[in-house]
Amino acid sequence: MRDLVEIGMGRTARRSYDFDDIDIVPSRRTRSSKVVSTGWQIDAYRFDLPLVTHPTDAVVSPHTAIEIGRLGGLAALNAEGLWARHADAESALARVAEAAKEGAAPSEVVQRLQELHSAPVRPDLITEAVRTVRDSGVTVAARVSPQHAAELTPHLLSAGVEILVVQGTIVSAEHVGEDNGESDTDPLNLKDFIADLDVPVVAGGVSDYRTAMHLMRTGAAGVIVGHGYTPGITSTDQVLGIGVPMATALIDAAAARRDYLDETGGRYVHVLADGGVRHSGDIAKAVACGADAVMLGAPLAAASEAPGHGLYWTSAAAHPSLPRSRVATAGQGEHGAVDLRTLLHGPSQDPSGTVNLFGALRRALAKTGYSDLKEFQRVGLTVRH
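Residues numbered from 1 in each chain as written. Predicted model: local features only at pLDDT ≥ 70, side-chain atom pairs only at ≥ 80, totals over all residues. Heavy atoms only, no water.

A. Up close: the confidence of the model for the chain. Here the chain averages 90 in pLDDT, and 90% of its residues register 70 or above. Low pLDDT (under 50) marks residues 179-184, which in the prediction has 7 contacts with non-local residues, meaning those over four places away or in another chain. (pLDDT = per-residue confidence, 0-100. Contact = heavy atoms within 4.5 Å.)

Pasting the structure below:
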């Protein structure tokens, strides 16, 4: 039964929960962390870590995409970011970092990002970036917005993209897209779009059962739950008034996945958690709520290799008229920036839960007696009062 509370005369609202509101319940057995698996698979592509990067230039360059792939995760290049607009994206990113270090107001740094993104997308540049990743041998993923998916996808496919991410701030199956100031942009028919492709498509973000179910029915291989929310950085809820706490949103999407599995007689759609993850415990809670993988942004921006030079923002920061993300310093542990390998796999001397993110996930599975991620999705949960 839905947990409804009265918020005024004749108006009720559903009570919902974030990761901080819940805890994982230990079971009657434990395992060695050496015998548990954190692997997952989408379509024909298998990964050692349930990790997909949030597609932001602050985290993903061709170089870091290769490194993340070699470390067991999947990095998604932003096909509409700076790597697609500037031949020397590193210098463009350095200018953003320079403005932040010089003490510019957050709005001025966002304005610099907006100016850099006003340059047109060049298919030759994003093609070159994709081919660099493809030639390394790791799985190649790229993100497009709903507004430009039809235009850019042929270039991405010819360059070798193997997984396509269609991501906006908020995405629906009936009208996929968001206001981007372009009156001549037609809405994307996601079902027809996916049917014409030979690569798996991950689409989102969503935050409720009904929209998740609609996206699953389009043929998407995965659904992104959440809007990339990072406390103090992104603010879709503040600017638009829209948002559902991640624990509830994930559990609802997992319910849609279960019902869709029954509806189709066995077609499984992956659920990706995009937002609310600040430390390793949140990753474990996301999986416990039904996520198959997590999309990480800010936690990875603290890595020494991150192209954002220790800063973090989402693609929404560059929106020409309504930015919903500011440029902020990425959180770092008390021992400072570490490399990607240490950040993901350890070892760690930092007790904050921001280093050895997936080593901690393995330990969470082991300490609760589960052998893999699918089993762990059935772990018990409690709500804090």
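B. Highlighting the packing of helix α4 (residues 123-135) against helix α5 (residues 149-159). Relative orientation of the contacting elements α4 and α5 amounts to 35°, with a least axis distance of 8 Å. The hand of the α4/α5 crossing is right-handed. Two secondary-structure elements touch here, α4 through Pro-123, Ile-126, Thr-127, Val-130, Arg-131 and Arg-134 and α5 through His-155, Leu-156, Ser-158 and Ala-159. Classifying every residue of the contact of α4 with α5 gives 5 nonpolar, 3 polar and 2 charged. (Axes fitted to C-alpha atoms, helices over the stretch in contact; angles between N-to-C directions. Helix = DSSP H or I, 4+ residues; strand = E, 2+ residues; numbered from the N terminus. Left-handed = near helix turned anticlockwise from the far one by under 90°. Nonpolar A, V, L, I, M, F, W, Y, C, P; charged D, E, K, R; others polar.)

C. Spatial organisation of the sheet that holds strand β10 (residues 201-206). Pairing within the open sheet is parallel, and its 8 strands lie in the order β6-β13-β12-β11-β10-β9-β8-β7. Every interior strand has two partners, whereas the edge strands, β6 (51-53) and β7 (76-78), have only one. Each strand of the sheet is rotated relative to its neighbour by a mean of 25°, with strand direction disregarded. Taken together, the 4 bridges between strand β8 (residues 141-144) and strand β9 (residues 163-167) define a ladder with parallel strand orientation. Pairing of Ala-142 across the sheet is with Leu-164, part of β9. (Pairing = 2+ DSSP bridges.)

D. Region of the structure containing the packing of helix α7 (residues 209-217) against helix α9 (residues 246-264). As a packed pair, α7 and α9 sit with axes 8 Å apart at the nearest point and diverge in direction by 40°. In terms of their interaxial angle, α7 and α9 are classed as oblique. As α7 runs across α9, the sense of the crossing is right-handed. Residues Tyr-209, Ala-212, Met-213, Met-216 and Arg-217 of α7 lie in contact with α9, whose contacting residues are Asp-252, Ala-253, Ala-255, Ala-256, Arg-257, Asp-259, Tyr-260 and Glu-263. Of the residues contributing to the contact of α7 with α9, the split by class is 8 nonpolar, no polar and 5 charged. (Parallel < 35°, antiparallel > 145°, perpendicular 65-115°, else oblique.)

E. Summary view of the nonpolar core. Grouped together as the largest cluster of nonpolar side chains are 121 residues, with contacts concentrated most on Leu-250 and Phe-358. A per-element tally of this core places α9 first, with 7 residues. With sequence-adjacent residues up to four places away left out, Leu-250 is seen in contact with Phe-19, Val-225, Val-271, Ala-273, Ala-286, Cys-289 and Ala-291. (Core = buried A, V, L, I, M, F, W, Y, C linked by side-chain atoms within 4.5 Å. Buried < 20%, exposed > 50% of the residue type's maximum accessible area, 1.4 Å probe, protein only.)

F. Seen up close, the environment of Pro-120. Relative to the helices and strands, Pro-120 resides in the loop between α3 (106-117) and α4. Pro-120 sits 108 residues away from Gly-228 along the chain, and the two C-alpha atoms are 25 Å apart. Residues within four places of Pro-120 in sequence aside, it is in contact with Ala-84 and Arg-85.

G. A look at the packing of aromatic side chains. Applying the stated rule across the entire model yields 2 aromatic pairs. Judged by centre distance (5.9 Å) and plane angle (70°), the ring pair of Tyr-370 and Phe-376 falls under edge-to-face. When sorted by exposure, Tyr-370 lands in the same class as Phe-376, which is buried. (Phe/Tyr/Trp six-rings, centres within 6.5 Å; stacked < 30°, edge-to-face > 60°.)

H. Broad picture of helix α10 (residues 280-288). In terms of burial, α10 is largely enclosed, as 8 of its 9 residues are buried. Those residues of α10 that sit buried are Ser-280, Asp-282, Ile-283, Ala-284, Lys-285, Ala-286, Val-287 and Ala-288. Downstream of α10 by one or two residues, Gly-290 has phi in the positive range, about 120°.

I. Region of interest: the pairing of strand β13 (residues 293-296). The alternating pattern of β13 places Ala-293 and Met-295 on one face and Val-294 and Leu-296 on the opposite face, and all of these are buried. The pairing of β6 with β13 spans 3 bridges and is classified as parallel. Bridge pairing in β13 places Val-52 opposite Met-295. Of the strand pairs in this sheet, strand β12 (residues 270-275) and β13 are connected by 3 bridges, and their pairing is parallel. Looking at the pairing, Ala-273 lines up with Val-294 of β13. Following the backbone out of β12, through α10 and into the adjacent parallel β13, one traces a crossover that is right-handed. (Right-handed = clockwise from strand over helix to strand, strands pointing away.)

J. Up close: the pattern of salt bridges. What the rule picks out here adds up to 11 salt bridges. Of the charged contacts, one joins Arg-134 and Asp-135 as a salt bridge, the two residues approaching to 3.1 Å between their closest N and O atoms. Judged by relative accessible area, which is 35%, Arg-134 ranks as partly exposed. Across the pair Arg-257 and Asp-292 runs a salt bridge, and its minimum N-O distance is 2.7 Å. With Arg-257 in helix α9 and Asp-292 in the loop between α10 and β13, the pair connects residues that are 35 residues apart, well separated along the chain. Across the pair, Asp-292 and Arg-257 agree in class, each one buried. Through salt bridges that share partners, Asp-20, Arg-278 and Asp-282 make up one connected network. (Salt bridge = Lys/Arg side-chain N within 4 Å of Asp/Glu carboxyl O.)

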